[in-house]
Amino acid sequence: MSLVDWFEEKRRLKLLTTPKPKYPESDPSAGLWTQCDNCESMLYVRFLKQNQRICDECGYHLEMNSTERIELLIDPGTWEPMDEDMLPCDALDFVDQQAYKDRIEENQLHTGLTDAVQTGIGELNGIPVALGVMDFQFMGGSMGSVVGEKLTRLIEHATQNFLPLIIVCASGGARMQEGTLSLMQMAKIASVLQIHQIQKGLLYISILTYPTTGGVTASFGMLGDIIIAEPKAYIAFAGKRVIEQTLNQEVPDGFQVAESLLDHGLLDLIVPRAILKGVLGELFELYKAAPCSKMSQPSSSTMPIVQ
């Protein structure tokens, strides 16, 4: 082993063994006050966090990190994370304004995460669920190989154990630094979702938050049996400017927000963050009571699944 390889190995081991903070001091809301992105009101951060990051003045839903969303949805003491130590690699030796390896390390230190998604199992109002939560603060929630693999393993675990599945989307799309490897994740996740939903008849709920765009929208974001969005969430495949430049015509403002998509039949529900957990709990209870539901079957890898 060369000296350079030895130092690189030490750096990776340090990353794995160093305790990961829930959120570091570089959190943009770490000060006493922050500004609402919608009405520009000044908000006291302590009260904002207690209010699930919803503006008291206009009701706008500010950005939430993945750890806060897990705490919002999962019963205390029941969260069991999966694949926490899975790390991305730079297969293409990609460099733009910054080397991809350096960008990854910078975001890991900034967020305390290894990549842009947290996955695991827990209980929601006493109901066991499989949950994946994307984090926009990690490279814009971009979907690379690790994000795709973690979500795929989560879905497979949910299928094998008869668990309903929730994925909270917050992403700018596929990760360009990984090229085709990132685009492959769209088909990979969609294929295991097909087994979970169609072949095994299990429930998948997709929750779209600000923003959900690109390859995530074009794949698992829009494949939910029930698709829920937060109020005024930006949901799109291509951005407004890209569409206008491609079609050479103007598109109306607001046509890519959740309310417009609901009017055009692309969403099932728009649910405010404050009542989201209760709404999900009721949906799971209704599904559990359905004659075709498989949630009530015991978790056993040896038990045959009734078709």
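Residues numbered from 1 in each chain as written. Predicted model: local features only at pLDDT ≥ 70, side-chain atom pairs only at ≥ 80, totals over all residues. Heavy atoms only, no water.

## Overview of the packing of aromatic side chains
Under the criterion given, the structure shown has three aromatic pairs. Residues Trp33 and Tyr44 carry aromatic rings whose centres are separated by 5.3 Å and whose planes lie at 45 degrees to one another, so their mutual orientation is tilted. One end of the pair, Trp33, is in strand 1 (residues 33–35); the other, Tyr44, is in strand 2 (residues 42–44), with eleven residues separating them in the sequence. Chaining the aromatic ring pairs together yields one cluster made of Trp33, Tyr44 and Phe47. (Phe/Tyr/Trp six-rings, centres within 6.5 Å; stacked < 30°, edge-to-face > 60°. Helix = DSSP H or I, 4+ residues; strand = E, 2+ residues; numbered from the N terminus.)

## Some thoughts on the nonpolar core
By size, the foremost hydrophobic cluster in this structure holds 35 residues, and its most contacted members are Leu151, Leu165, Ile167, Phe220, Ile235 and Leu267. In this structure, Leu165 is in contact with Ala130, Leu154, Ile155, Leu193, His196, Leu203, Tyr204 and Ile205, ignoring residues within four places of it in sequence. In terms of nonpolar packing, the next biggest core, distinct from the first, is built from 25 residues, Val129, Leu131, Ile226 and Leu283 among them. (Core = buried A, V, L, I, M, F, W, Y, C linked by side-chain atoms within 4.5 Å. Buried < 20%, exposed > 50% of the residue type's maximum accessible area, 1.4 Å probe, protein only. Contact = heavy atoms within 4.5 Å.)

## A short note on helix 3 (residues 66–73)
The buried fraction of helix 3 amounts to seven of the eight residues, a majority that puts the element mostly inside the structure. For helix 3, the complete set of buried residues consists of Ser66, Thr67, Glu68, Arg69, Ile70, Leu72 and Leu73. Where helix 3 is buried, its residues meet helix 2 (45–50), strand 4 (117–124), strand 5 (127–134), strand 6 (165–171), strand 7 (204–212) and helix 10 (276–289). At the N-terminal end of helix 3, a side-chain oxygen is found 3.0 Å from the backbone nitrogen of Thr67, two or three residues along, and the residue is Asn65. (Polar contact = N/O pair within 3.5 Å; in protein donor to acceptor, adjacent residues only side chain to side chain.)

## Brief notes about helix 6 (residues 180–199)
With 20 residues, helix 6 should reach 28 Å at 1.5 Å per residue; the first-to-last C-alpha distance of 28 Å fits that figure. Three or more residues of helix 6 are buried, namely Ser182, Gln185, Ile189, Val192, Leu193, His196 and Gln197. Turning to helix 6, the residues buried within the fold contact helix 5 (145–160), strand 6 and strand 7. Downstream of helix 6 by a residue or two, Gly201 has a phi angle that is positive, lying close to 65 degrees. (Expected span 1.5 Å × (residues − 1).)

## Here we look at the pattern of salt bridges
Scanning all chains against the criterion turns up twelve salt bridges. Lys277 is the partner of Asp75 in a salt bridge, and the nearest nitrogen-oxygen pair spans 2.8 Å. You can see Asp75 sitting in the loop between helix 3 and strand 3 (80–82) and its partner Lys277 sitting in helix 10, a full 202 residues away along the chain. You'll find Asp75 and Lys277 in the same group, each marked buried. Across the pair Lys240 and Glu244 runs a salt bridge whose closest N-O atoms are separated by 2.8 Å. Taken together, the residues span about one helical turn, with Lys240 and Glu244 both in helix 8 (residues 240–247) at a distance of four residues. (Salt bridge = Lys/Arg side-chain N within 4 Å of Asp/Glu carboxyl O.)

## A look at the pairing of strand 4
Within strand 4, seven of the eight residues are buried, which leaves it mostly tucked inside the rest of the structure. Pairing between strand 3 and strand 4: three bridges, direction antiparallel. Within the sheet, the bridge partner assigned to Pro81 lies in strand 4 and is Gly120. Sheet topology places strand 4 next to strand 5; eight bridges connect them, and they run antiparallel. Counterpart to Gln118 in the pairing with strand 5 is Val133. Where strand 4 folds back onto strand 5 in an antiparallel hairpin, the turn is made up of two residues, including Asn125, whose phi is positive at roughly 55 degrees. (Pairing = 2+ DSSP bridges.)

## Looking at the confidence of the model for the protein chain
Averaged over all residues, the pLDDT of the protein chain equals 88, while 85% of them reach at least 70. Under a pLDDT of 50 for its full length, residues 20–26 has, in the predicted model, 19 contacts with residues more than four places off or in other chains. Between residues 298–307, whose pLDDT stays under 50, and residues either more than four places distant or in other chains, the model counts 14 contacts. (pLDDT = per-residue confidence, 0-100.)

## Digging into the sheet that holds strand 3
The seven strands are arranged 3-4-5-6-7-8-9 in an open sheet whose pairing can be described as mixed. Edge positions in the sheet fall to strand 3 and strand 9 (269–270), since each has one partner strand and no second. Pairing analysis gives four bridges linking strand 7 to strand 8 (residues 226–229), with the strands arranged parallel. Residue Ile205 lies in a different strand from strand 8, and its bridge partner there is Ile226.

## Observations regarding the packing of helix 5 against helix 6
Where helix 5 meets helix 6, the closest approach of the two axes is 9 Å, and the angle between their N-to-C directions is 5 degrees. Relative to helix 6, helix 5 is oriented roughly parallel. Two secondary-structure elements touch here, helix 5 through Ser145, Gly148, Glu149, Leu151, Thr152, Ile155, Glu156, Ala158 and Thr159 and helix 6 through Leu181, Gln185, Lys188, Ile189, Val192, Leu193, Ile195 and His196. Grouping the constituent residues of the contact of helix 5 with helix 6 by class yields eight nonpolar, six polar and three charged. (Axes fitted to C-alpha atoms, helices over the stretch in contact; angles between N-to-C directions. Parallel < 35°, antiparallel > 145°, perpendicular 65-115°, else oblique. Nonpolar A, V, L, I, M, F, W, Y, C, P; charged D, E, K, R; others polar.)

## What about a nonpolar patch on the surface?
Together, Leu32, Trp33 and Met42 make up a nonpolar patch on the protein surface, roughly 380 Å² of accessible area in all. Residue position: Met42 is located in strand 2. Looking at Met42, the relative accessible area reads 51%, which means it is exposed. (Patch = residues over 30% accessible without salt bridge, like charges linked within 9 Å, V, L, I, M, F, W, Y side chains within 5 Å. Areas by Shrake-Rupley, 256 points an atom, 1.4 Å probe, with all protein chains shown as cover.)

## Quick word on the environment of Gly140
Here Gly140 lies in the loop between strand 5 and helix 5. As a C-alpha pair, Gly140 and Ala116 span 24 residues in sequence and 8.0 Å in three-dimensional space. With residues up to four places along the chain from it excluded, the contact list for Gly140 reads Ala170, Ser171 and Gly172.

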